[in-house]
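Each chain, written out:
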Amino acid sequence: MAVAPINQVRKVVEYALTEIPSEKIDLGIPNYGYDWPLPYERGVTKATTIGNVQAVRIAVEQGVEIKFDSLAESPYFTYVENGISHEVWFEDVRSLQAKFNLIKEYSLRGCGYWQIMKWFRANWVLLRNQFYIMK
């Protein structure tokens, strides 16, 4: 619902590579998650954008298990607050590693981040250990 499964991201990259040389492509990396109230209704339901650390904090506060969708390669969890069910999708080191693997697999130029202002230290440590960072 809130994230593009990694196989869909792969398809977009493959399509882009038919038109653009790999050394000119940066993969967009989301640095945030979404907290969706349920039931989801297309065009009606609106999610709240949250940070990755905030997502984990919500799971801990709600006492719920963080699961991992192996198709989307993204973590998620559900909880109920004030009688409203919620579904949260966000990024962690596993989902980031899946995206970093695509960069390497297709020899892309690199990556750029959506919403860089939300601090997520684990991301920067993982990134620094695998790539040269240009500021």
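Further up the page is the structure itself.
Residues numbered from 1 in each chain as written. Predicted model: local features only at pLDDT ≥ 70, side-chain atom pairs only at ≥ 80, totals over all residues. Heavy atoms only, no water.

A.B. asks: It is not clear to me how the layout of surface pockets should be interpreted in this structure. Could you clarify?
C.D. replies: Gaps left between atoms show up when a probe the size of a water molecule is rolled over them. Quantified by volume, the largest pocket comes out at close to 450 Å³. Lining the largest pocket are 16 residues, with Cys111, Leu127, Tyr132, Ile133 and Met134 sitting closest to its centre. Going through the elements one at a time, strand E7 (110-114) and helix H4 (121-128) are the ones with two or more residues in the lining of the largest pocket. The element that contributes the greatest number of residues to the lining of the largest pocket is E7, accounting for four residues. Per-class residue counts for the lining of the largest pocket are eleven nonpolar, two polar and three charged. (1 Å grid on protein atoms, 1.4 Å probe; cavity = no way out; pocket = protein on both sides within 12 Å on 5 of 7 lines; lining within 4 Å. Points joined across faces, edges and corners; volume = space filled by probe spheres on them. Helix = DSSP H or I, 4+ residues; strand = E, 2+ residues; numbered from the N terminus. Nonpolar A, V, L, I, M, F, W, Y, C, P; charged D, E, K, R; others polar.)

A.B. asks: Looking at this structure, I do not really get the pattern of salt bridges. What am I missing?
C.D. replies: For side chains of opposite charge, pairing can occur when their charged atoms come near one another. Evaluation of the coordinates by the stated rule reveals four salt bridges. Across the pair Arg10 and Glu105 runs a salt bridge whose closest N-O atoms are separated by 2.7 Å. Placement of the pair is Arg10 in helix H1 (residues 6-17) and Glu105 in helix H3 (residues 93-105), with a sequence separation of 95 residues. Classification of Arg10 by relative accessible area gives partly exposed; the value is 28%. Given a relative accessible area of 47%, Glu105 falls into the partly exposed group. (Salt bridge = Lys/Arg side-chain N within 4 Å of Asp/Glu carboxyl O. Buried < 20%, exposed > 50% of the residue type's maximum accessible area, 1.4 Å probe, protein only.)

A.B. asks: Just to check I follow, could you spell out the side chain of Ser22 for this structure?
C.D. replies: Turning to its location among the elements, Ser22 is positioned in the loop between H1 and strand E1 (26-30). Residue Ser22 is classed as buried on the basis of its relative accessible area of 18%. Beyond its immediate chain neighbours, meaning those up to four positions away, Ser22 contacts Leu17, Tyr106, Ser107, Leu108 and Arg109. (Contact = heavy atoms within 4.5 Å.)

A.B. asks: I would appreciate a short explanation of the packing of H3 against H4 in the present structure.
C.D. replies: Helix packing for two helices is described by the angle between their axes and how far apart those axes are. Their axes nearest at 10 Å, the elements H3 and H4 cross at an angle of 35°. Seen from above, H3 lies across H4 with right-handed handedness. In contact with Val93, Leu96, Gln97 and Phe100 of H3, H4 contributes Ala122, Asn123, Leu126 and Leu127. The class makeup of the residues in the contact of H3 with H4 is six nonpolar, two polar and no charged. (Axes fitted to C-alpha atoms, helices over the stretch in contact; angles between N-to-C directions. Left-handed = near helix turned anticlockwise from the far one by under 90°.)

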